[in-house]
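Each chain is listed here by its residues.
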Amino acid sequence: MTGKHLPGHGVYRLHDRLPADEVMFPELLRAQGYTTALFGKLHVSGRVEEAARRHPRDGFDVYEWCLEPALDLDSPFNGYAAWLRERHPEFLRHLEVKRRHRGHDPVEASMNRWAADRTIDFVRAHAGPARGTPRRPFFCMMSVFDPHNPYDNSPLEMERLVDAARIPAPVPAADGGAEVPWAFTAERGHSYLGPMSSFSADDIARMRLGYFAMVAHVDLEVGRVLAALEEEGLAGDTLVV
C-alpha cells in the first residue's frame, strides 16, 4: 500500500504498526481526482491498532473496514458488523458467541457477500455522470478474508462446486533442519489450528475441501462484481486487479 519494501515502511511482522507519516497509494489517487473506497480487510498495521483508529494517510473516502468476520465486531470501523446489525442481527449474535467456531456461514450473511454487495453498490453509485458533469474516476478495494483458516466456515453449498476427488493427498512433512525456515517450522507447531502433527490425513483432506470451497465462494462474489461492471457499461475502462 506504500509502494515500499520493508526497510522503507518499517512493518516487519504481522502486527507491527505502520508509521503515521507513511502515505498509502489511495491518497495519491484521491489527489488526482479519484473517489476511493475500502470494503473489507486492510491489515497494513496491527489488528488492535486498526480496530481502534484509522491510519491518517490511508486515503479512503469510504472506509468500511473488516479484518476478518469473527474479530473486532465492536470496532466503530467494522462495516461488516454494521451491515449484519442492520440486515442479519441473529447471525451477528451467533458470531459474537461462536467466533471462529461458528460452523458454516450462510451465503447471504457472509463477509464475502457483504464485501461484494457494498462494492457493487459503490460501482453503481459512480457509474453515471453526476449532475451533468463527467463521472469521476474511482478506486475501490474489495478485500476479503477467505481463503483462510479455520477452513470450516464457508457456506456448505460451496462444497458442491468442488471436485473433492481431484484434491491431492497431503504430502508428509519432512523433519526440521537447517534447510527449513524458522517461520515454517513455527507455523507447523503453533498455528491457529494447533500443531500439524495432530491432524490425520482425513483432517487435512477436509481442510483442503474447505479451502477450495472458500475459493469457490470468492470466485462467485467477484463474478457478481464483474457482472455489475458490465451492466453499468464500465467494464471496458475499469482495471480489475
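Residues numbered from 1 in each chain as written. Predicted model: local features only at pLDDT ≥ 70, side-chain atom pairs only at ≥ 80, totals over all residues. Heavy atoms only, no water.

J.: Explanation requested: the state of the cysteines in the structure shown.
T.: In a disulfide, the sulfur atoms of two cysteines are held together by a covalent bond. Under the criterion given, the structure shown has 0 disulfides. Free cysteine C66: the closest other cysteine sulfur is in C140, separated by 15 Å. On the basis of relative accessible area, C66 is assigned to the buried category, the value being 0%. (Disulfide = S-S within 2.5 Å. Buried < 20%, exposed > 50% of the residue type's maximum accessible area, 1.4 Å probe, protein only.)

J.: Just checking my understanding: could you explain the sheet that holds strand β2 (residues 62-65) for this structure?
T.: Hydrogen bonds between backbone atoms are what pair the strands of a sheet, whose relative direction is either parallel or antiparallel. The sheet built from 3 strands is open, its strands ordered β2-β1-β3 with parallel pairing. Whereas interior strands pair on both sides, the edge strands pair on one side only; in this sheet they are β2 and β3 (138-143). Each adjacent strand pair in this sheet contributes to an overall mean axis angle of 5°, direction not counted. With 6 bridges connecting them, strand β1 (residues 35-40) and β3 associate as parallel partners. Following the sheet pairing, F39 is matched in β3 by M142. (Pairing = 2+ DSSP bridges. Helix = DSSP H or I, 4+ residues; strand = E, 2+ residues; numbered from the N terminus. Axes fitted to C-alpha atoms, helices over the stretch in contact; angles between N-to-C directions.)

J.: Before we go on, may I ask you to explain unusual backbone geometry in this structure?
T.: Excluding glycine, most residues fall at negative phi; most peptide bonds, likewise, are trans. In this model, D146 is joined to P147 through a cis peptide bond whose omega is -5°. Residue P150 is bonded to the preceding N149 through a cis peptide linkage, with omega at -5°. Position of P150 relative to the elements: it lies in the loop between β3 and α7 (182-190). Here the phi dihedral of D72 falls at roughly 55°; this positive angle occurs in a residue that is not glycine. Within the chain, R99 stands out as a residue other than glycine whose phi angle is a positive 55°. Locating R99 in the fold gives a position in the loop between α5 (89-98) and α6 (111-125).

J.: How do you make sense of the packing of aromatic side chains when you look at a structure like this?
T.: The geometry of an aromatic ring pair comes down to the distance between the two centres and the angle between the two planes. Within the structure shown, the criterion is met by 10 aromatic pairs. Their ring planes at 85° and their centres at 5.8 Å tell us that Y211 and F212 sit as a pair that is edge-to-face. Residue F212 is classed as partly exposed on the basis of its relative accessible area of 36%. Every member of this aromatic cluster is reached through a ring pair, and the members are F25, F60, Y63, F77 and F139. The lysine or arginine in question, R100, covers the ring of Y192, its NZ or CZ lying 4.2 Å from the ring centre. (Phe/Tyr/Trp six-rings, centres within 6.5 Å; stacked < 30°, edge-to-face > 60°. Lys NZ or Arg CZ within 6 Å of the ring centre and 35° of its normal.)

J.: Any chance you could explain empty space enclosed by the protein here in plain terms?
T.: Think of a ball as big as a water molecule: rolled over the atoms, this probe shows where empty space is left. If you walk through the whole model with that rule in mind, you get 1 cavity of 30 Å³ or more. In terms of lining residues, the largest cavity is bounded by P69, R102, D105, S110, M111, N112, F145, D146, N153, S154, P155 and H217. (1 Å grid on protein atoms, 1.4 Å probe; cavity = no way out; pocket = protein on both sides within 12 Å on 5 of 7 lines; lining within 4 Å. Points joined across faces, edges and corners; volume = space filled by probe spheres on them.)

J.: When you look at the packing of helix α4 (residues 79-87) against α6 in this model, what are you seeing that I'm missing?
T.: When two helices pack together, their arrangement is captured by the angle between the axes and the distance separating the axes. Put simply, α4 and α6 touch, their axes get as near as 10 Å, and they point 95° apart. Comparing the axis directions of α4 and α6 gives the class roughly perpendicular. Along its contact with α4, which presents G79, Y80 and W83, the element α6 presents M111, R113, W114 and D117. Partitioning the contact of α4 with α6 into residue classes produces 4 nonpolar, 1 polar and 2 charged. (Parallel < 35°, antiparallel > 145°, perpendicular 65-115°, else oblique. Contact = heavy atoms within 4.5 Å. Nonpolar A, V, L, I, M, F, W, Y, C, P; charged D, E, K, R; others polar.)

J.: Just checking my understanding: could you explain α5 for this structure?
T.: Owing to its 3.6 residues per turn, the α-helix brings residues three or four apart onto one side. All of the buried residues in α5 are F91, L92 and L95. When α5 is viewed along its axis, its buried side chains cluster within an angular range of 105° and face the same direction. Summarising the geometry of α5, the exposed residues directed more than 90 degrees from the buried face are E90 and V97. Looking at the packing, one finds that the buried side of α5 touches α4. Positive phi appears at R99, one or two residues downstream of α5, with a value of about 55°. (Arc of directions from axis to C-beta.)

J.: Honestly, the pattern of salt bridges in this entry has me stumped. Any pointers?
T.: Two side chains with opposite charge may pair up if their charged atoms get near one another. Throughout the structure, instances matching the rule amount to 19 salt bridges. Residue R13 pairs with D16 through a salt bridge whose shortest N-O separation is 3.3 Å. Relative accessible area serves as the criterion here: at 63%, R13 is assigned to the exposed category. D16 gets classed as buried once you look at its relative accessible area, which sits at 16%. With its nearest N and O atoms 4.0 Å apart, the salt bridge here joins R87 to E86. Here E86 falls in the exposed class, since its relative accessible area comes to 64%. Beyond isolated ion pairs, a larger network of salt bridges with shared partners links R113, D117, E221 and R224. (Salt bridge = Lys/Arg side-chain N within 4 Å of Asp/Glu carboxyl O.)

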